[in-house]
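Here is what each chain is made of, one letter per residue.
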Amino acid sequence: MADYLSESDPGTRILRRCDELAAISRPGTGVTRLYLTGEHRAAMELVSRWMREAGMTVHTDHAANVIGRYPPAAGGRNGSLLLGSHIDSVIDAGKYDGPLGVIAAIDCIAVLNGEGRRLPFGIEILAFGDEEGTRFGTTLIGSRAVAGTLTPQDLAIRDKDNISVETALRTFGLDPNALASAARSPGDVLAYVELHIEQGPVLEGEDLPVGVVTAINAQTRKVVTLKSEANHAGTVPMRLRHDPFLAAAEIALALEKTASGIPDAVGTVGQVDVRPGASNVIPGSVTMSLDMRARTDALLRRLTAAMDGEIERIAQARGVGLEVEPMLETKAAPCSPGLIGQLDRAIGGSGIKPLHLPSGAGHDGMAMNALGPIAMLFVRCKGGVSHSPLESVTAGDVTIAANVLRDFIIGFDPEKS
Ligand code: HGY
Ligand code: MN
Ligand code: MN
């Protein structure tokens, strides 16, 4: 245990562990660690070891989440403070989106344990197996299992190799029929608090190391497939074509225009699959992802309703077939004013001005708010860059953030959350 706190400052030892975890990745640039893969299992084992070294008991649930527990002082109250984040990644990701929150939380417990300090409530750290949704398209599978909000439809979703979530869980050695045992009851949970990189430019612009999240934006993801007949690129006159790629391109431009017309809304096409995918063949089908977000549910509904109309209009005008598959609907998740106040106090205790900001990125708190109040502590990241190997934080900022998180934990008052 003693060597867990080998380096004197939290930032250095937390970043060292982020490097160690980042090395567990599919080969390529950046970090690629998808849900229920060999890389995921290796990451679970490493995080489990760190949790044990920090003085926690550890178990994994049937959704492949790793849960560390630090029990309360004798006579402690029911219910636990939940901390954590996710250990899966996007493709070619950075080192900190997810892992920083898990490793910083473990570091806080290691310090408390090193001081022999127990609090009047239990503390649990969750390393969620799937937040990004990179493998299956839907997201928050890990935290929705803990929140008890996964559906049978979720288990039927298939990855690009046509493997369902259910089959992948079984292959991983887990029992999808036992998923209910992963679900917590609201009475178990005093609050869920997550430390995460900001993934945006606000803190850097304000020259602040940390900030407190007011709410997590609402998010919808869809997969749109446009269908036609493949044909010869050299012989079909332009006026006779029903090219699904051009329909997709028009939809993407409509998304840009529509999102730009709604305050703070965003729309992204991150994946396009053109079939059969030969340069001299007019495509037979094109499948594209639509990622749409807005600060409130009402603004998101404005965006998605407008886009539903545009997609229909464009497909009809271009004479192509249309299939739309909803992948994800997550409501905006407000953070608890009581927890925000307690994070503000901890930040003020470090002599820093507390700044409040919304999260454009999605997080596990969108699922965990089904169990109780949530809050997030953001850490400045260089240029606001994320979902990229260029993701970067400083040891100094991480030390401040870890100290703030630990002060929040020590002073946490469940009655004021
Ligand atoms: O996509 C997101 O907002 C998050 O990184 N999962
Ligand atoms: Mn992410
Ligand atoms: Mn994340």
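On a predicted model such as this, the values are computed, not experimentally measured, just so you know. (Residues numbered from 1 in each chain as written. Chains lettered and ligands numbered in written order. Predicted model: local features only at pLDDT ≥ 70, side-chain atom pairs only at ≥ 80, totals over all residues. Heavy atoms only, no water.)

1. So, the overall build of the protein chain
Alright, step 1. The helix and strand tally for the protein chain stands at 12 helices and 16 strands.
Alright, step 2. Relative to the 2.2 N^0.38 estimate, which gives 22 Å for 417 residues, the radius of gyration of the protein chain is 22 Å and therefore close to what a compact globule would have.
Alright, step 3. Viewed in the frame of its principal axes, the protein chain has a C-alpha envelope of about 80 × 45 × 40 Å.
Alright, step 4. Excluding contacts between residues fewer than 6 apart, the proportion of contacts in the protein chain whose partners are at least 24 apart in sequence is 79%.
Alright, step 5. Surface exposure of the protein chain reaches about 16900 Å², of which carbon and sulfur atoms provide 53%.
Alright, step 6. Averaging the positions of the 39 positive and the 50 negative side-chain charges in the protein chain gives two centres separated by 1 Å. (Helix = DSSP H or I, 4+ residues; strand = E, 2+ residues; numbered from the N terminus. Rg over C-alpha atoms; globule rule 2.2 N^0.38 Å. Contact = heavy atoms within 4.5 Å. Areas by Shrake-Rupley, 256 points an atom, 1.4 Å probe, with all protein chains shown as cover. Lys, Arg positive; Asp, Glu negative; His and termini not counted. Charge placed at Lys NZ, Arg CZ, Asp CG, Glu CD.)

2. Some thoughts on unusual backbone geometry
Alright, step 1. The omega torsion across R275 and P276 is 0 degrees, close enough to zero to call that bond cis.
Alright, step 2. Within the secondary structure, P276 sits in the loop between strand 10 (272-275) and strand 11 (281-282).
Alright, step 3. Notably, D207 is not glycine yet its phi reads approximately 55 degrees, a positive angle.
Alright, step 4. For D207, the location among the structural elements is in the loop between helix 7 (202-206) and strand 6 (210-216).
Alright, step 5. On the accessibility criterion, D207 (59% relative accessible area) is exposed. (Buried < 20%, exposed > 50% of the residue type's maximum accessible area, 1.4 Å probe, protein only.)

3. Some remarks on the layout of surface pockets
Alright, step 1. By volume, the second largest pocket is sized at about 290 Å³.
Alright, step 2. Contributing to the lining of the second largest pocket are 17 residues, with R144, L328, E329, T330 and K331 lying nearest its centre.
Alright, step 3. Taken together, the elements giving at least two residues each to the lining of the second largest pocket come down to strand 13 (321-330) and helix 11 (365-368).
Alright, step 4. Of all the elements, strand 13 adds the most residues to the lining of the second largest pocket, at 5 residues.
Alright, step 5. Among the residues making up the lining of the second largest pocket, the classes are represented as 8 nonpolar, 5 polar and 4 charged.
Alright, step 6. Here the lining of the second largest pocket spans two domains, and each of domain 1 (2-217 + 332-416) and domain 2 (218-330) adds at least three residues to it. (1 Å grid on protein atoms, 1.4 Å probe; cavity = no way out; pocket = protein on both sides within 12 Å on 5 of 7 lines; lining within 4 Å. Points joined across faces, edges and corners; volume = space filled by probe spheres on them. Nonpolar A, V, L, I, M, F, W, Y, C, P; charged D, E, K, R; others polar. Domains from an automatic or database assignment.)

4. As for helix 12 (residues 395-411)
Alright, step 1. For helix 12, spanning 17 residues, the distance from its first C-alpha to its last is 24 Å, which sits close to the expected 24 Å at 1.5 Å a residue.
Alright, step 2. When helix 12 is considered as a whole, its buried residues turn out to be D397, V398, T399, A401, A402, V404, L405, R406, F408 and I409. (Expected span 1.5 Å × (residues − 1).)

5. Focus on the domain arrangement of the protein chain
Alright, step 1. One can read the domain layout of the protein chain as domain 1 (2-217 + 332-416) and domain 2 (218-330).
Alright, step 2. Between the C-alpha centres of domain 1 and domain 2 there is a distance of 33 Å.
Alright, step 3. Listed per partner, the contact involves 15 residues of domain 1 and 11 residues of domain 2.
Alright, step 4. Summed over both partners, the interface of domain 1 with domain 2 comes to about 980 Å²; 51% of that surface belongs to carbon and sulfur atoms.
Alright, step 5. Seen at the junction of domain 1 and domain 2, the total is 0 salt bridges.
Alright, step 6. Residues that form the side of domain 1 that touches domain 2 fall into these classes: 8 nonpolar, 6 polar and 1 charged. (Buried area = accessible area lost by both parts, 1.4 Å probe. Salt bridge = Lys/Arg side-chain N within 4 Å of Asp/Glu carboxyl O.)

6. As for the site of ligand 1
Alright, step 1. Residues in contact with ligand 1, as listed here, are E131, E132, R221, R293, A361, G362 and H387.
Alright, step 2. With respect to ligand 1, the side chain of R221 contributes an N or O atom lying 3.3 Å from an oxygen atom.
Alright, step 3. Contacts to ligand 1 include R293, whose side-chain N or O atom sits 2.4 Å from an oxygen atom.
Alright, step 4. Bound to the protein, ligand 1 loses 95% of the 220 Å² it would expose on its own.
Alright, step 5. In terms of residue class, the shell around ligand 1 is built from 1 nonpolar, 2 polar and 4 charged. (Near = heavy atom within 4 Å. Polar contact = N/O pair within 3.5 Å; in protein donor to acceptor, adjacent residues only side chain to side chain.)

7. Some details on the coordination of the manganese ion (ligand 2)
Alright, step 1. For the manganese ion (ligand 2), the protein coordination sphere consists of D97 (OD), E132 (OE), E132 (OE) and H387 (NE2), at 2.0 to 2.8 Å.
Alright, step 2. Ordering the donors of the manganese ion (ligand 2) by residue number gives the pattern D-x34-E-x254-H.
Alright, step 3. The distance between the manganese ion (ligand 2) and the manganese ion (ligand 3) comes to 3.5 Å, with D97 serving as a donor to both metals. One end of the pair, D97, is in the loop between strand 3 (80-86) and helix 3 (99-114); the other, H387, is in the loop between strand 16 (374-379) and helix 12, with 290 residues separating them in the sequence.
Alright, step 4. What makes D97 buried here is its relative accessible area of 6%. (Donors = N, O, S within 2.8 Å, 3.2 Å for Na, K, Ca; no water.)

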